[in-house]
Amino acid sequence: MASTRREFLRNTWKVGGAALVAAATWTIFEALRPLASATSGAKIRLGNPANYQPGTATYVPEGRLFVANTGTTLLAISQKCPHLGCRVPFCDSSGRFECPCHGSIFDIGGEWIEGPSPVGMTQFPLSVEGDALVVDTAHTITGPPRGANQYLTPATGPACKPSGA
Amino acid sequence: MSEHESETNPTSSGLVGRAVALDEPGQDPSRDPLEPAVAYEPRSGVVGKVERSAAWRSMFRHPKLDTPRGRALQGFSNFFLHVYPVKVPARVLRLRYSFRLGFISTMLFGILTATGIYLMFFYTPAVGSAYAGMQTIRTGVGFGQLVRNVHRWSAHLMVLVVFLHMVRVFYAGAYKKPREFNWVIGVVLLLVTLGLSFTGYLLPWDQLSYWAVTVGTNLVHYVPVLGSTLQNLLIGGDQIGQPTLLRFYALHVAVLPLTLVLVLMVHIWRVRKDGFAVERSAVGASGAFAEEATEVANPAVPATAPAELYGGRTRVLGVVDRESVTAEERSVDDTVFSWPHLIVRHVVVALATATVVLALGVMFAAPLRGLANPNLTPEPAKAPWYFAGLQELLSHFDPLVAGILVPMGAVLTLVLLPYIDRNPSTIARHRKVAIVVFSGLLLIAVVLTVIGTFFRGPGWEFIAPWTHSYIEL
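This one's a predicted model, so the numbers in the text were calculated from it and none came from an experiment. (Residues numbered from 1 in each chain as written. Chains lettered and ligands numbered in written order. Predicted model: local features only at pLDDT ≥ 70, side-chain atom pairs only at ≥ 80, totals over all residues. Heavy atoms only, no water.)

Caption draft 1: Examining the sheet that holds strand β10 (residues 126-129) of chain A more closely. All names here are of chain A. Ordered in space as β1-β11-β10, the three strands form an open sheet in which the pairing is antiparallel. Both edges of this open sheet fall to β1 (43-47) and β10, since each of them pairs with a single strand only. Each adjacent strand pair in this sheet contributes to an overall mean axis angle of 35°, direction not counted. Summarising the sheet, β10 and strand β11 (residues 132-136) pair through four bridges and their orientation is antiparallel. Paired with V128 across the two strands is L133, which belongs to β11. (Pairing = 2+ DSSP bridges. Helix = DSSP H or I, 4+ residues; strand = E, 2+ residues; numbered from the N terminus. Axes fitted to C-alpha atoms, helices over the stretch in contact; angles between N-to-C directions.)

Given below as structure tokens:
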């Protein structure tokens, strides 16, 4: 059906307005998108793999991550709790990661044991270049789902988490 | 337009035109020609001369008449006073009509704006200098500590008072027709208030602010599909840092205050346009507002009246909103002038509000913990108190449920409330279901907030608040 000139102009205004809104939205999104420099992304050399003893988790401040030796595997585990982003320290006495915010507990491999976290701790890919261990913080690996229990072992001692009351 | 023209021009307001003519030669200066029975005393001396001068009258158009018409003129022609209606129902003067909660919220926003501007002179939104700026404000700026304290406590109070305002409006049933949309605007104002408080929380760049905002912003992560993207947009990276501080600062000092002012203007304008909620007992058995009751009793005139009644010719002289007609039919016997009756009460409430926040500022120092340390999570790391209920919920339920579905569901329910609740009655006994459901949800929210704020300690373990306090404000 042929449209009148008035209808054509009215529809043109609508299409033009919608395009303008879409362009503005996209521009704002692009402008607010984090700059590459604001995110992690560097490769960090972690030295000789033999430096990381079984049953330990060594903190790497420049990457905000732990290098954990589960006894069978070396893992680079983000310090950030997958629940609400708190820093999860490694408890040397229990041999587990214990989140101070909401009480999530993870085994040395970052697998969920208890608490409100929906998954295990996020990891970074590790590789060996020459004789050095290298972690790529530009990419993340979603933590293992609940119940993975690949590295779960009994606690080596008392928990660091305060008992509260 | 000259004064004489304004008097003779039939299109101009009769009130304003004749009022201007008061000062014309030959007029009795002690009588208003429109109210000759009411005598008033014009100011004498220098003040009187100044008030009658052309320069003064270019700014203040009306003469100062201490008569009913004079007060009305002052209301019409003054930018600030015209926010008020010239007359208000007498019941509005009673404190328990609204507890002045909306006005107190606006006052607190004014105090926050004034103190915030002062703080801006000494604060730099940079990771390296924000915390140092806070220390300077505390120790090296005149009244800096006090101004910061007042700013902080006013912010907390504003969140509380806006929330109480919403609760009061619900129980009064004042969100029902014709005020549905103003309720929605009110919900938007509550969200903007929360946003203002939350964005301000990060600015001190101390351990308290850093981790409270870390916990708060990580909630966004649980939005399905877009979670990570939205979180990155909000904080400008994958963790709280310089971009976050700058974004929160811009939101806090520019975007959100402007938004609040604009939305608040619409909110207040609609309060004026929608009228004050009518007393329940004066409405009749149905409990509906007077406008509704009047519409039933006085159905609108048919749009097409028989032409022969008007000699075969009709002319449209104007279109009158039906609401306006019914509003005109209401009794105005109980009305009083806003000036001075309501405005004086508002001034008293404004002074009381200022006194309270000033007293709080003098007695309690706003917290400033150690410099933000991304590698040291304090125990416990709590979100701001108004999100503590949410944080408590998150320790019991899946984050998608507790962090996204519940809060979004709550906001959506609040927005849609006046459209879901079609019961026109404002009488409590006719609104049992709505009141019971709302009260139940309110109780849950309050209990969760109290538990999260007072009863949680390190590791989010349950503690008795009298053994150790972990309250963070």
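Caption draft 2: The confidence of the model for chain A, seen in detail. On average, residues of chain A score 88 in pLDDT, and 93% of them are at 70 or above. The spread of mean pLDDT over the elements of chain A runs between β1(A), the lowest at 90, and strand β4 (residues 74-78) of chain A, the highest at 95. (pLDDT = per-residue confidence, 0-100.)

Caption draft 3: Structural detail: the side chain of B:R456. Residues and elements named next belong to chain B. As for its placement among the helices and strands, R456 is situated in the segment after α19 (432-454). Of note is the side chain of R456, whose polar atom sits 2.7 Å from the side chain of E392. At a separation of 2.9 Å, a polar atom in the side chain of R456 contacts the main-chain carbonyl oxygen of W460. If we skip the residues at most four places from it in the chain, R456 touches P380, K382, E392, S395, H396, I451, E461, F462, I463 and Y470. (Polar contact = N/O pair within 3.5 Å; in protein donor to acceptor, adjacent residues only side chain to side chain. Contact = heavy atoms within 4.5 Å.)

Caption draft 4: Just a nonpolar patch on the surface, in detail. Residue and element names in this part refer to chain B. Taken together, the side chains of F181, L412, L416, Y419 and I420 define a hydrophobic patch exposed on the protein surface, amounting to about 500 Å² of accessible area. Per-element tally for the nonpolar patch: the top contributor is helix α18 (residues 399-420), with four residues. If you trace the backbone, L412 turns up in helix α18. (Patch = residues over 30% accessible without salt bridge, like charges linked within 9 Å, V, L, I, M, F, W, Y side chains within 5 Å. Areas by Shrake-Rupley, 256 points an atom, 1.4 Å probe, with all protein chains shown as cover. Salt bridge = Lys/Arg side-chain N within 4 Å of Asp/Glu carboxyl O.)

Caption draft 5: Region of interest: the interface of chain B and chain A. Listed by partner, the interface residues are 34 residues for chain B and 29 residues for chain A. Summed over both partners, the interface of chain B with chain A buries about 2,500 Å², with 57% contributed by carbon and sulfur atoms. Ranking the residues of chain B by area buried against chain A places B:L233, B:D238 and B:N375 at the top, with a combined share of 20%. At the junction of chain B with chain A, the criterion picks out zero salt bridges. Joining chain B to chain A, the criterion identifies ten residue pairs in polar contact (both at pLDDT 80 or more). Elements with a contribution of two residues or more to the side of chain B that touches chain A: α11 (207-218), α12 (227-235), α13 (242-274) and α17 (385-394) of chain B. Classifying every residue of the side of chain B that touches chain A gives 16 nonpolar, 13 polar and five charged. (Buried area = accessible area lost by both parts, 1.4 Å probe. Nonpolar A, V, L, I, M, F, W, Y, C, P; charged D, E, K, R; others polar.)

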